[in-house]
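Residues per chain are reported as follows:
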There are 2 protein chains.
Amino acid sequence: MANEKFLLGIDIGGTSVKLAFLTEEGDIVHNWEIPTNIENNGSSIIPDIGEAVHKKLAELNIPHENLKAAGVGAPGPIDTEKGVMFEAVNLGWPDNFPLRDLVQEAVGVPVAIENDANSAALGEMWKGAGKGAKDLIAITLGTGVGGGVIVSGDIVHGAKGAAGEIGHITAVPQGGYMCNCGKAGCLETVASATGIVRTAKELLADYTGDSPLKGLNDITAKDIFDSAQAGDELALSTVDTLADHLGLALANIGSVFNPERIVIGGGVSKAGDFLLGKIEQAFKKYAFKPVGESTEIVLAQLGNDAGIAGAAWLAANKN
Amino acid sequence: MANEKFLLGIDIGGTSVKLAFLTEEGDIVHNWEIPTNIENNGSSIIPDIGEAVHKKLAELNIPHENLKAAGVGAPGPIDTEKGVMFEAVNLGWPDNFPLRDLVQEAVGVPVAIENDANSAALGEMWKGAGKGAKDLIAITLGTGVGGGVIVSGDIVHGAKGAAGEIGHITAVPQGGYMCNCGKAGCLETVASATGIVRTAKELLADYTGDSPLKGLNDITAKDIFDSAQAGDELALSTVDTLADHLGLALANIGSVFNPERIVIGGGVSKAGDFLLGKIEQAFKKYAFKPVGESTEIVLAQLGNDAGIAGAAWLAANKN
């Protein structure tokens, strides 16, 4: 182990920072977490990371010179070339925060940074469900809906770094719900965990039939999927609504990009093959035929480790 | 002129082949056309091109060694790496047609080939409305709706070469018209010249008011735009319908890919700033805010020369 070179993957979230040493092939050798301290405008987050890394190197008897490079995924818009982060509101950092240089100083190796959704997309491409693909779209169905777009093996950033905002595709052009982004009818309002719960409640309001969801005080996305798989009609039509919106949006992205794979991750994707089958069905219905035949929809494989794997990919390929 | 190097641009269409000698900077030095002879499975198309090129070189006193390379745009799906064309039904060529090698033999210089819509997109990027942009979408509103997607200065082909099929985005998810592609509700069914005429006829059927379109035997897209600009309400709502569908589709592409520019060309785009303003309005309504602010929608500038310019770009950059 003493002569092996390692990559450092860092995935900064609002409550914890995930850290890992990985081989140059992207296999995790050791991973751990530290809390994200957002007090004092998040001013101790990066010193905390530096300290944690140096301590862990010592603990594992890895000489610092065996650390080759680091990659960072962080929650917000990033200018990867300048190495700065904008509007990192949930970490408390000021605008135009020089994230790359500060982490570089703290860990003592070259650093590349990326938005966390993009980093997770890269992770799935390198070590997960996207393995071997060079053109892929990753979409994360969680509290919100995030995404990353990869063309020719690299992230597409776009004119203002706003590429990959799949959650803000307008899925409901007329009469849609307001989204946090200030626009109405975003995919996120109907295809996130929050969105599917709202759809269920809306359908329940006019529903005269029986449904296990009726007795619940606080419906969750999991309740809906469980009931749907058990055959409950209301839950089924809730899931169908989500699958239809998602299938349409993905089909339309597909007709423009024809990616090899679309990787679906995030909490909602835990509904697994049951949900995947319904999304695929809608996708094939709405997609240009050659796209429906050549673009594969698959479930993400790395779960919470996708960000770390992507950060390590950045470390290996962007330094 | 004797020592200057030239690029050869070839744009193969169903009725004519456009040819041009261009400088290495992409400026047309001389251009001309020959008819496309689709008889005998299009077997004389490429010999005709070879003969025309050699004759024209002699006529202009350009030594063959001053021809550096050639690019070809052709109407159908193409494997640019293998240099073959699939399903070139309207030229009569068999499937898996080795277009690149045959043209190379006929003109005696290295050749790169590309689908014609992609070639036009590259032309606008190099010498037209996309100048200076590296991420752009080109969309052609004609009898059908075609497109080309450029990321980091190069065409996105996708898994099965079906990227850029913007015309087959599903714009009308329920109750849309059948498209030639075999799917219903494609953008092409509502945003092409054919589509807008159909929309006008549909609106006219239930319209009790007065409209200059009522007296026409055979409504054209131009009639609709002319009447709309003159203030006719029915024509205006026809144009608004097109702009709304197109603005939504472009906004959704924009949120995934945040291109610097979206270039709108083709016959329908001759409606100019009047149409552009309406598309922009719909685009801004449906686009993720940072995309609405950073992605510019512009009219194509090269008209029928876009394909030739793109073919010359291929000659300069892909050989």
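See the structure above.
Nothing here was measured: the structure is a model prediction, and the numbers come from that model.

**Regarding the relation of the copies chain A and chain B**
Right, on to step 1. At an RMSD of 0.1 Å, chain A and chain B line up after a rotation of 180° and a shift of 0.0 Å along the axis. Such a combination of turn and shift is consistent with a two-fold rotation axis. No C-alpha of chain A lies nearer the rotation axis than that of A:Ile253, which sits 3.4 Å from it.
Right, on to step 2. The overlap is high: 100% of the interface residues of chain A also sit at the interface in chain B, so the same surface is used on both sides.

**Let's talk about the packing of helix α6 (residues 193-205) of chain B against helix α7 (residues 221-229) of chain B**
Residues and elements named next belong to chain B.
Right, on to step 1. Closest axis-to-axis distance for the α6/α7 pair is 8 Å, and the angle between their directions is 60°. Looking at the two axes, α6 sits oblique to α7. In this structure, α6 crosses over α7, and the sense of that crossing is left-handed. The residues of α7 that touch α6, namely those facing Ala-193, Ile-196, Val-197 and Ala-200, are Ala-221, Ile-224 and Phe-225.
Right, on to step 2. Class assignment of the residues belonging to the contact of α6 with α7 gives a composition of seven nonpolar, no polar and no charged.

**Comments concerning the pattern of salt bridges**
Right, on to step 1. Throughout the structure, instances matching the rule amount to 22 salt bridges over all chains.
Right, on to step 2. Between A:Asp244 and A:Lys285 there is a salt bridge; the shortest N-O distance is 4.0 Å. Here A:Asp244, found in helix α8 (residues 233-257), pairs with A:Lys285, found in helix α9 (residues 272-286); they are 41 residues apart in sequence, far enough to count as distant.
Right, on to step 3. Take A:Asp244: its relative accessible area is 24%, and that puts it in the partly exposed class.
Right, on to step 4. Here A:Lys285 falls in the partly exposed class, since its relative accessible area comes to 47%.
Right, on to step 5. Note that B:Lys222 and B:Asp226 form a salt bridge whose closest N and O atoms lie 2.8 Å from each other.

**Comments concerning the packing of helix α4 (residues 116-127) of chain A against helix α11 (residues 306-317) of chain A**
All names here are of chain A.
Right, on to step 1. Orientation of α4 relative to α11, taken along the N-to-C sense of each, is 85°, at an axis distance of 6 Å. One way to sum up the angle between α4 and α11 is to call them roughly perpendicular. On α11, the residues that touch Ser-119, Ala-120, Leu-122, Gly-123, Glu-124, Met-125, Trp-126 and Lys-127 of α4 are Ala-306, Gly-307, Ala-309, Gly-310, Ala-311, Ala-312, Trp-313 and Leu-314.

**Looking at the environment of A:Asn37**
Residues and elements named next belong to chain A.
Right, on to step 1. With respect to the secondary-structure elements, Asn-37 resides in the loop between β3 (28-35) and α1 (39-42).
Right, on to step 2. When its relative accessible area of 30% is taken as the criterion, Asn-37 is described as partly exposed.
Right, on to step 3. Along the chain, Asn-37 and Ile-137 lie 100 residues apart, while their C-alpha atoms are 32 Å from each other.
Right, on to step 4. Not counting residues within four places of it along the chain, the set of residues in contact with Asn-37 comprises Gly-42, Ser-44, Ile-45 and Asp-48.
Right, on to step 5. At 3.3 Å, the side chain of Asn-37 forms a polar contact with the side chain of Ser-44.

**A few points about the side chain of A:Glu124**
Residue and element names in this part refer to chain A.
Right, on to step 1. With respect to the helices and strands, Glu-124 occurs in helix α4.
Right, on to step 2. Although Glu-124 lies buried, it forms no salt bridge, and the closest oppositely charged side chain, Arg-261, sits 8.5 Å away as judged by the N-O distance.
Right, on to step 3. With residues up to four places along the chain from it excluded, the contact list for Glu-124 reads Ala-129, Gly-130, Lys-131, Val-263, Ala-300, Gln-301, Leu-302, Gly-303 and Ala-306.

**Some details on the nonpolar core**
Right, on to step 1. In this structure, A:Ile139, A:Leu187, A:Phe257, B:Ile139 and B:Leu187 are the most contacted members of the largest nonpolar core, which totals 106 residues.
Right, on to step 2. When near neighbours in sequence (up to four residues on either side) are disregarded, A:Phe257 contacts A:Ile137, A:Val149, A:Val151, B:Val156, B:Gly158, B:Ala163, B:Val256 and B:Phe257.

**Considerations on the sheet that holds strand β2 (residues 16-22) of chain A**
Residue and element names in this part refer to chain A.
Right, on to step 1. Spatially, β3-β2-β1-β4-β7 is the arrangement adopted by the five strands of the open sheet, whose pairing is mixed. Both outer strands of the open sheet, β3 and β7 (111-115), are each paired with one neighbouring strand and no more. Going from strand to strand, the sheet's axes swing by 15° on average, the running direction of each strand aside.
Right, on to step 2. Against the sheet, helix α3 (residues 99-107) touches β1 (6-12), β4 (67-74) and β7, its axis set at about 135° to β7.

**Side note on the interface of chain A and chain B**
Right, on to step 1. Of the residues lining the interface, 40 residues belong to chain A; the matching set on chain B comes to 40 residues.
Right, on to step 2. Sorting the residues of chain A by area buried against chain B places A:Val256, A:Phe257 and A:Phe288 first, and these three jointly supply 20% of that buried surface.
Right, on to step 3. For A:Lys160, the salt bridge identified is with B:Glu293, shortest N-O distance 3.4 Å.
Right, on to step 4. Here chain A and chain B share 21 residue pairs in polar contact (both at pLDDT 80 or more) between them.
Right, on to step 5. Put simply, the parts of the chain that give the side of chain A that touches chain B at least two residues each are β9 (145-151), α8, α9 and α10 (289-294) of chain A.
Right, on to step 6. Ranked by residue count, the leading element in the side of chain A that touches chain B is α8(A), at seven residues.
Right, on to step 7. Here the residues of the side of chain A that touches chain B are counted per class, giving 21 nonpolar, 11 polar and eight charged.

**Section: the sheet that holds strand β3 (residues 28-35) of chain B**
All names here are of chain B.
Right, on to step 1. On the basis of which strands lie adjacent, the open sheet formed by five strands has the order β3-β2-β1-β4-β7 and mixed pairing. In this open sheet, the two strands that pair with only one neighbour each are β3 and β7 (111-115). Strand after strand, the sheet turns through a mean of 15° between neighbouring axes, direction not considered.
Right, on to step 2. Note that strand β1 (residues 6-12) and strand β4 (residues 67-74) share six bridges and pair parallel. Counted as the bridge partner of Ile-10 is Val-72 from β4.
Right, on to step 3. Packed onto the sheet, helix α3 (residues 99-107) meets β1, β4 and β7 and runs at close to 135° relative to β7.

Conventions adopted
Residues numbered from 1 in each chain as written. Chains lettered and ligands numbered in written order. Predicted model: local features only at pLDDT ≥ 70, side-chain atom pairs only at ≥ 80, totals over all residues. Heavy atoms only, no water. Least-squares fit on C-alpha atoms with pLDDT ≥ 70 in both. Contact = heavy atoms within 4.5 Å. Axes fitted to C-alpha atoms, helices over the stretch in contact; angles between N-to-C directions. Helix = DSSP H or I, 4+ residues; strand = E, 2+ residues; numbered from the N terminus. Parallel < 35°, antiparallel > 145°, perpendicular 65-115°, else oblique. Left-handed = near helix turned anticlockwise from the far one by under 90°. Nonpolar A, V, L, I, M, F, W, Y, C, P; charged D, E, K, R; others polar. Salt bridge = Lys/Arg side-chain N within 4 Å of Asp/Glu carboxyl O. Buried < 20%, exposed > 50% of the residue type's maximum accessible area, 1.4 Å probe, protein only. Polar contact = N/O pair within 3.5 Å; in protein donor to acceptor, adjacent residues only side chain to side chain. Lys, Arg positive; Asp, Glu negative; His and termini not counted. Core = buried A, V, L, I, M, F, W, Y, C linked by side-chain atoms within 4.5 Å. Pairing = 2+ DSSP bridges. Buried area = accessible area lost by both parts, 1.4 Å probe.

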